[in-house]
Amino acid sequence: MNYKQKIAKYLTKFELEENNVLMLIQDADLKNGDFALPVFKIAASLKQNPMQFAIDLANKINENKSNWLDKAMPAGGYVNFYFKRQVFIKDTFDYLCKKTKGDGEYKNLVPAAKKTIAIDYSSINIAKDFHIGHLLTTVIGGSLCEIFSYLGHKVVGINHLGDWGTQFGKLIYAVKTWGEDKPINSMEELTALYVKYHNEADKDKSLDDKAREWFKKIEDADKEALKLFNEFKRITLKEVNKIYDMLGIKFDSYDGESFFNDKMGIVIDTLKEKKLLVESDKAFVVEMGENEPPCMILKSDGATLYATRDLAAAIYRKKTYDFDENLYVVAYQQNLHFKQVFKVLELMGYDWADRCKHIAFGMVSLEGGEALSTRKGNVVLLKDVLKTSVDKTMQIIKDRGLEDKDRIAHEVGVGAVVFFALYNQRIKDMVFSFDKALNFDGETGPYLQYTHARCCSLVNKFDCNFDIEAKYLEDDFAYEVIRLLSRFDDIVLDAAYKYEPSIIARYLIDLCQCFNRFYFEKKILGQEEGVTKARMGIVKLVKNALKNGMKLIKMNAPNKM
Ligand code: ARG
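(A) Structural context of the site of the ligand. Residues in close proximity to the ligand include Asp-120, Ser-123, Asn-125, His-160, Tyr-306, Asp-310, Tyr-328, Val-330, Gln-334 and Phe-338, which together make up its full environment. One of the side-chain nitrogen or oxygen atoms of Asp-310 is found 2.7 Å away from a nitrogen atom of the ligand. Protein contacts shield 86% of the accessible area of the ligand, which totals 350 Å² for the unbound molecule. Going through the elements one at a time, helix H12 (306–321) and strand S10 (325–331) are the ones with two or more residues in the shell around the ligand. Here the shell around the ligand is built from residues that sort into 4 nonpolar, 4 polar and 2 charged.

Quick look at the structure:
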């Protein structure tokens with residue numbers, strides 16, 4: 001069904017190289033045909049003038065057309081390809097029909113070598129707030145999991161918990177000193193104790209020694225210390241699991257930093273063996289080359305670091321999952337950290353070091369310029385953002401006479417936040433705005449969902465099969481929608497290749513805008529039977545494409561709203 005491939009194959013007849021064409025060919029604006037081939041490079045390699053080359057090539061093609069090609073037109077240094085619309089329409093319907101199971105769910109028909117892909121994402125810190133800053137890693141990672149699974153790969157979702165460090169000693173001290181009268185059961189209580197500790201420690205420096213003692217006890221697996229430490233974990237996970245449930249996110253592993261506490265031997269031993277460990281101010285580091293800061297492996301007191309644990313984790317993941325790719329969805333602030341970790345793995349001689357990739361993303365702030373700093377205490381909790389969004393959605397839809405208001409408000413409110421987070425290129429910083437995210441007519445989640453619901457309502461009135469007559473869909477409005485529909489798999493492949501869910505989010509917006517133009521321009525119901533049937537065929541295809549596409553970006557698609 002891939003028409004790019006079709007063109008590339010066909011052009012081998014005229015001595016063009018298939019892969020070369022595949023790389024160059026572009027989608028065209030409808031008025032310029034279906035696809036455009038820029039011939040500048042090809043002409044240059046043959047020492048010919050590109051305009052003349054385009055004219056000659058188009059002539060040759062037109063003398064030797066294949067059954068799906070209407071014509072080729074030279075335009076500057078391009079050759080534009082115009083398809084026979086009916087053939088293309090029929091092909092697209094057949095292809096999408098083959099992809100679609102009875103319930104509308106897509107099967108993947110893209111042949112691909114199956115890979116195992118480990119994705120480290122969300123990776124929250126125990127006993128710390130789950131704030132809006134964690135939104136991006138959670139939804140980008142969640143979406144990448146869906147995308148790779150859709151393409152048939154095996155995905156291992158890993159929540160590399162931040163559950164190691166002296167802060168846990170501080171918390172135990174705080175609990176033992178101020179919190180023993182009643183059992184702690186919520187994040188609020190934990191964070192309050194943490195704040196109290198810091199206030200007191202500012203006045204009395206000896207507290208830090210006591211906290212260190214408690215942390216040492218965790219390291220030494222002291223029963224009481226471990227019990228409290230595990231409580232902190234339980235309380236934090238109980239809280240974040242509520243958010244993961246809202247977002248429809250599940251992990252295969254919660255092995256975090258503490259899990260690697262007794263697995264760092266291999267890192268230290270190998271580094272020593274390879275003579276990579278260098279003493280520097282009593283600490284041990286690996287040199288990264290000139291002008292690059294070294295990667296610290298052991299502190300002067302022998303304690304390990306975040307990087308040491310990540311090295312152990314990468315080695316463990318290779319051994320346990322035998323990944324083909326090992327991804328880390330983490331903010332760009334950690335660029336240096338991952339650069340160092342990957343470099344050390346390479347120096348250690350692991351040939352899979354280049355399969356580790358940092359999938360970086362930008363920062364989130366809230367409209368109005370509020371910073372999201374934990375220390376200042378003005379944190380914006382993700383659960384509050386989601387809840388506010390659901391409440392605001394309820395205000396918008398409450399008078400619409402919907403049966404299942406609560407569920408719909410939930411799906412739309414949460415979907416609006418998720419979509420907003422995924423619509424921008426991941427590397428860009430973003431400013432979250434409820435007004436923008438919840439604008440039902442903008443480039444938003446609710447707009448996608450609304451268009452999907454519009455399709456559902458039409459299908460409810462006139463269900464049809466995909467057995468349509470293509471001649472009724474040759475007009476530009478219908479044809480443009482069909483062209484977009486045909487690109488679904490290409491778009492998913494591109495998003496996977498670039499680790500960029502925004503490519504899917506943008507495609508879905510294009511599809512909705514294009515469909516809505518068709519919807520407003522062309523009457524669908526109540527036409528001559530063949531016309532209504534054919535147009536309803538488009539409606540049904542759009543409905544399925546939207547639902548499947550939204551799933552890939554972690555959104556639900558309610559049937560009504
Ligand atoms: N817990 C860390 C943080 O919040 C992110 C961990 C990312 N994953 C990793 N393997 N380092 O900054």
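(B) Summary view of the packing of aromatic side chains. Enumeration over the complete set of coordinates arrives at 38 aromatic pairs. On the numbers, 5.5 Å between centres and 80° between planes, the contact of Tyr-10 with Phe-14 is edge-to-face. Like Phe-14, Tyr-10 is buried. Ring centres of Phe-259 and Tyr-316 lie 5.1 Å apart, and the angle between their planes is 75°; this geometry places the pair in the edge-to-face category. Of this pair, Phe-259 sits in the loop between helix H10 (223–247) and helix H11 (265–273) while Tyr-316 sits in helix H12; the two residues are 57 residues apart in sequence, bridging distant segments of the chain. Take Phe-259: its relative accessible area is 25%, and that puts it in the partly exposed class. Ring pairs connect the aromatic residues Tyr-3, Tyr-10, Phe-14, Phe-35, Trp-68, Phe-83, Phe-88 and Tyr-479, which therefore count as one cluster. Of note, Lys-99 hangs over the ring of Tyr-106, and the distance from its end group to the ring centre comes to 4.9 Å. The ring of Tyr-423 has Arg-506 lying over it, and the distance from NZ or CZ to the ring centre is 4.0 Å.

Rules used throughout
- Residues numbered from 1 in each chain as written.
- Predicted model: local features only at pLDDT ≥ 70, side-chain atom pairs only at ≥ 80, totals over all residues.
- Heavy atoms only, no water.
- Near = heavy atom within 4 Å.
- Polar contact = N/O pair within 3.5 Å; in protein donor to acceptor, adjacent residues only side chain to side chain.
- Areas by Shrake-Rupley, 256 points an atom, 1.4 Å probe, with all protein chains shown as cover.
- Helix = DSSP H or I, 4+ residues; strand = E, 2+ residues; numbered from the N terminus.
- Nonpolar A, V, L, I, M, F, W, Y, C, P; charged D, E, K, R; others polar.
- Phe/Tyr/Trp six-rings, centres within 6.5 Å; stacked < 30°, edge-to-face > 60°.
- Buried < 20%, exposed > 50% of the residue type's maximum accessible area, 1.4 Å probe, protein only.
- Lys NZ or Arg CZ within 6 Å of the ring centre and 35° of its normal.

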